[in-house]
Structure formats: C-alpha cells, structure tokens
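Each chain is listed here by its residues.
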2 protein chains.
Amino acid sequence: MNYDIVPLNELINQFARLPGIGKKTAQRLAYSILEQPPERAHQFADALVNARDQIHFCKCCQGLTDLEICRICDDEARDHTVVCVVEEPRDITAFERTREFRGVYHVLHGVISPLDGIGPEQLRVKELMARLSDGTVKEIIMATNPTVEGEATASYLSRLVKPMGIKATRLAYGIPVGGDLEYADEFTLARALEGRNEI
Amino acid sequence: MNYDIVPLNELINQFARLPGIGKKTAQRLAYSILEQPPERAHQFADALVNARDQIHFCKCCQGLTDLEICRICDDEARDHTVVCVVEEPRDITAFERTREFRGVYHVLHGVISPLDGIGPEQLRVKELMARLSDGTVKEIIMATNPTVEGEATASYLSRLVKPMGIKATRLAYGIPVGGDLEYADEFTLARALEGRNEI
C-alpha cells in the first residue's frame, strides 16, 4: 500500500532536480509552499514560466536578456571600445555589481576544454570575432575564471585578436580584498608578489 | 540606468523567499532554470500549482492529502485504535519511513506556546477530541517534538484524554541509534539511563 500524496511527491522531485538541493531540502521547500497562500505558488509558477519563456541570449553580447539587444549593449553611454569577455552570463552580474566597469561584455558560454570536447567552435567565439571586425573595439579584457581552462581560453583569444591591432588584457591576480594572508595559497601569493605596485 | 532583466529578477526573488535560500543560492537556482529546456520550467510550474491547489487537510487526521480522507485514515488494514499525535504533517512522513507504525495519525498543526499566543484553541485539539469520542481509540501516542512546548502539549493532552479511559503514551527518550556517546548531551544521557532496559 502506498500512502504517497502524488502532487506533493511531484513537487518534491522538481525541487530535488535543482542543483545543490538534496531530498531533505526539497521536502522542506515543498512543505513551505503548502504552508503559504495559494497566490504565492501561482506567482512562483508564473515567474518560472515567464523567466524561461522571455529570456534568451542577446544577439550582440550573448548574455541573457528579455529584449532583442540587451540593455547594456543598447546603452549609448557605455564604452563600446572595451569588451569584457566572460565565461557565463552570471559573470556579467558580478562585474555590474562593482559599478566600476563602463564597457560592454561578451559571453563565451564556456571555456576551451579539450578533455570535454569543447573547442572554440563550441563557444561564442565566432560571434566575438564578428563584433571585432568593424574596428570599434580597442581592447578586450579576458575575464575568464582563474582556472587552467580559463587561462588557456584567455591566451587563445588574445593570440587571435592581437593581429587585428586590438589590445588584450587579463584580470589581475592577487590577494582578495579583506582576505587573510595566512589562508592565501602559495600560487596566489606568488602572483601577488609578482604583480606588486609601488605605493 | 538599470540593466536588470525583469523576469530573471522576479524568479530570483521567488526563490529567495523560500526558507533557507539566500540571495546567492536563489541566483544560482534561477540561472539553472534558464539553462534547462523550457519544458522543465513548465513542469516545475505545473507541479507548484497542482500541489498547492490539490493538497488540503484530511478531514479526519488533519494531515495533508489530495483526497477528502487521506489514504492512511481510509485504510481498513491499519490499526484505528492507536493514534499517533504529531505537530506537523511532515512528521507523518518521518513515521511512515520507519515502516513500524501501523496505527493512524492526528496532526495538531503546532504546539501550545503561550508566549506566541498559541493555546489549545489554535491547534486541532477539538478535532482530536471529536475523533476520540466514539470509543474506538484505545491509545494516543504523544509524538510532539522533545522541546519545552512539545512536552507541555503532550502532558496537556494526556491529562485531557486519561479521564476518557484512553491510554496516553510518550515517545522514549534516549541516545540516537548510530550516535556517539561522546556527543550526547547530559539531559539525553540522563534520560537514557533512567529508561534503561534489561538485555
């Protein structure tokens, strides 16, 4: 005999399919939905469907947007001569939070990783090259992650763009602000020494 | 100027309203929805709406069900003379997982907590009394949580039912199976000593 409540199990399963959400957490989240007024569940459902159906990649930067060209690419006030190349759309949010960067972005949607069968053709490199062809862009900032694959992708792209007379730069390595030297790994510390600045 | 993607922010906010989900996790979950095929988001949305609209409280035990009387209360094969009284619907799931209990349940939907203004009238005590009135029930097992409020509720209810000739029992206290004595607190250990059994 099975005492399961089918719609509840279905909801638990849906939560459990989210990354980092285990069975127990999924259960807790599902029960919390049942404890809320029905409007809340409906709002949540609408938000899911709307986000998935309305958001797609910007034709220009390949970031996420609900418009044809995203608000950043479409903004005349931004510096379109500097392109910050990132791995994933969420990285744009991280840079925007700094409120320091006034250029535009390009999302690769991954990094070169031969072991996973991902080469430049699998990434949005073609789209980046198309953007660079009209001569507007003067600099690309390689803001891929500080991993082996991120490094390889950065150096691959910089070799591609340099012959076009475009400056390629890389984010600085060093100790994180507010961090503790005691916990800094030797590679980071070595890079921080190497890149030291006069004060 | 605001570069926010409205439907994405709305989805992040919805995730962030779930218990134990912070802003960062909400962001990660929302992006994961965008990375999945649209059907997934639609299935998730359906599951939310179905669960919230179809699930309500069982007329008998006050647990969750999508039927009028839940599958447990409706099961003739179960022992309807023993009622396990729990705080929340999710506690039923915990007991059902043991596969040991063959009786039925009653959900109080909370515990007596004078500081929070919760007395017996705010709980499903009236419904419990109505169930006990026909003389079928011989024993109620107080399975409220081992907290001050849970204890108070258990002793309040046992005082109510004893004059009706119904046996009131309480879950045993002791060391958890698979636990380590070193980490057992003194109160638990004292109770485990007190309730020791001959082997």
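Overview of the structure.

**Here we look at the interface of chain B and chain A**
Logical step 1: Counting residues at the interface gives 57 residues for chain B and 57 residues for chain A.
Logical step 2: Together chain B and chain A conceal approximately 5,200 Å² of surface at their shared face, both sides included; 64% is due to carbon and sulfur atoms.
Logical step 3: Inspection of the region where chain B meets chain A yields 2 salt bridges.
Logical step 4: Between glutamate 35 of chain A and arginine 90 of chain B there is a salt bridge, with the nearest N and O atoms lying 2.5 Å from each other.

**Topic: helix α4 (residues 89-98) of chain A**
Side chains three or four residues apart in an α-helix point the same way, a direct result of the helix having 3.6 residues per turn.
Logical step 1: Those residues of α4 of chain A that sit buried are Pro89, Asp91, Ile92 and Phe95 of chain A. In a view along the axis of α4 of chain A, the buried residues occupy a sector of 140 degrees, so they form one face of it.
Logical step 2: Against β2 (64-65), β3 (79-86) and β4 (103-107) of chain A together with α2 (23-35) of chain B lie the buried residues of α4 of chain A.
Logical step 3: Just beyond α4 of chain A, the residue with positive phi is arginine 99 of chain A, at close to 55 degrees.

**Some words on the relation of the copies chain B and chain A**
Logical step 1: When chain B is fitted to chain A, the best match, at an RMSD of 0.1 Å, comes from turning it 180 degrees and sliding it 0.0 Å along the axis. The superposition of one copy onto the other is thereby described by a two-fold rotation axis. Scanning chain B for the C-alpha nearest the rotation axis identifies alanine 45 of chain B, at a separation of 2.1 Å.
Logical step 2: Here 100% of the contact residues of chain B are again contact residues in chain A; the copies associate through an equivalent surface.

**Thoughts on the packing of helix α1 (residues 6-16) of chain A against helix α2 (residues 23-35) of chain A**
All names here are of chain A.
Logical step 1: Where α1 meets α2, the axes come as close as 8 Å, and the angle between the chain directions of the two elements is 125 degrees. The orientation of α1 relative to α2 falls into the category oblique. Handedness of the α1/α2 crossing: right-handed. The segment α1 lies against α2, with Leu8, Leu11, Ile12, Asn13, Phe15 and Ala16 engaging Lys23, Ala26, Gln27, Leu29, Ala30, Tyr31, Ile33 and Leu34.

**Brief notes about the pairing of strand β3 (residues 82-86) of chain B**
Residue and element names in this part refer to chain B.
Logical step 1: Most of β3 sits inside the fold, with 5 of its 5 residues counted as buried.
Logical step 2: Residues Val82, Cys84 and Val86 point to one face of β3 and Val83 and Val85 to the other, with burial holding for every one of them.
Logical step 3: Pairing analysis gives 4 bridges linking β3 to strand β5 (residues 139-142), with the strands arranged parallel. If you follow valine 83 over to β5, its bridge partner there is isoleucine 140.
Logical step 4: One ladder, built from 4 bridges, connects β3 with strand β4 (residues 104-107); its direction is parallel. Bridge pairing in β4 links cysteine 84 to tyrosine 105.
Logical step 5: Each parallel crossover has a hand, and the one from β3 via helix α4 (residues 89-98) to β4 is right-handed.

**Focus: the side chain of serine 113 of chain B**
Residues and elements named next belong to chain B.
Logical step 1: Following the sequence through the fold, serine 113 ends up in the loop between β4 and α5 (125-132).
Logical step 2: Look at serine 113 and you get buried, because its relative accessible area is 5%.
Logical step 3: For serine 113, the contacting residues outside a window of four places in its chain are Ile118 and Glu149.

**Some remarks on unusual backbone geometry**
With glycine set apart, most residues show a phi of negative sign, and most peptide bonds adopt trans.
Residue and element names in this part refer to chain A.
Logical step 1: Non-glycine residue glutamine 62 carries a positive phi angle of around 70 degrees.
Logical step 2: By the secondary structure assignment, glutamine 62 is in the loop between β1 (56-57) and β2.
Logical step 3: Glutamine 62 gets classed as buried once you look at its relative accessible area, which sits at 5%.

Criteria and cut-off values
Residues numbered from 1 in each chain as written. Chains lettered and ligands numbered in written order. Predicted model: local features only at pLDDT ≥ 70, side-chain atom pairs only at ≥ 80, totals over all residues. Heavy atoms only, no water. Contact = heavy atoms within 4.5 Å. Buried area = accessible area lost by both parts, 1.4 Å probe. Salt bridge = Lys/Arg side-chain N within 4 Å of Asp/Glu carboxyl O. Buried < 20%, exposed > 50% of the residue type's maximum accessible area, 1.4 Å probe, protein only. Helix = DSSP H or I, 4+ residues; strand = E, 2+ residues; numbered from the N terminus. Arc of directions from axis to C-beta. Least-squares fit on C-alpha atoms with pLDDT ≥ 70 in both. Axes fitted to C-alpha atoms, helices over the stretch in contact; angles between N-to-C directions. Parallel < 35°, antiparallel > 145°, perpendicular 65-115°, else oblique. Left-handed = near helix turned anticlockwise from the far one by under 90°. Pairing = 2+ DSSP bridges. Right-handed = clockwise from strand over helix to strand, strands pointing away.

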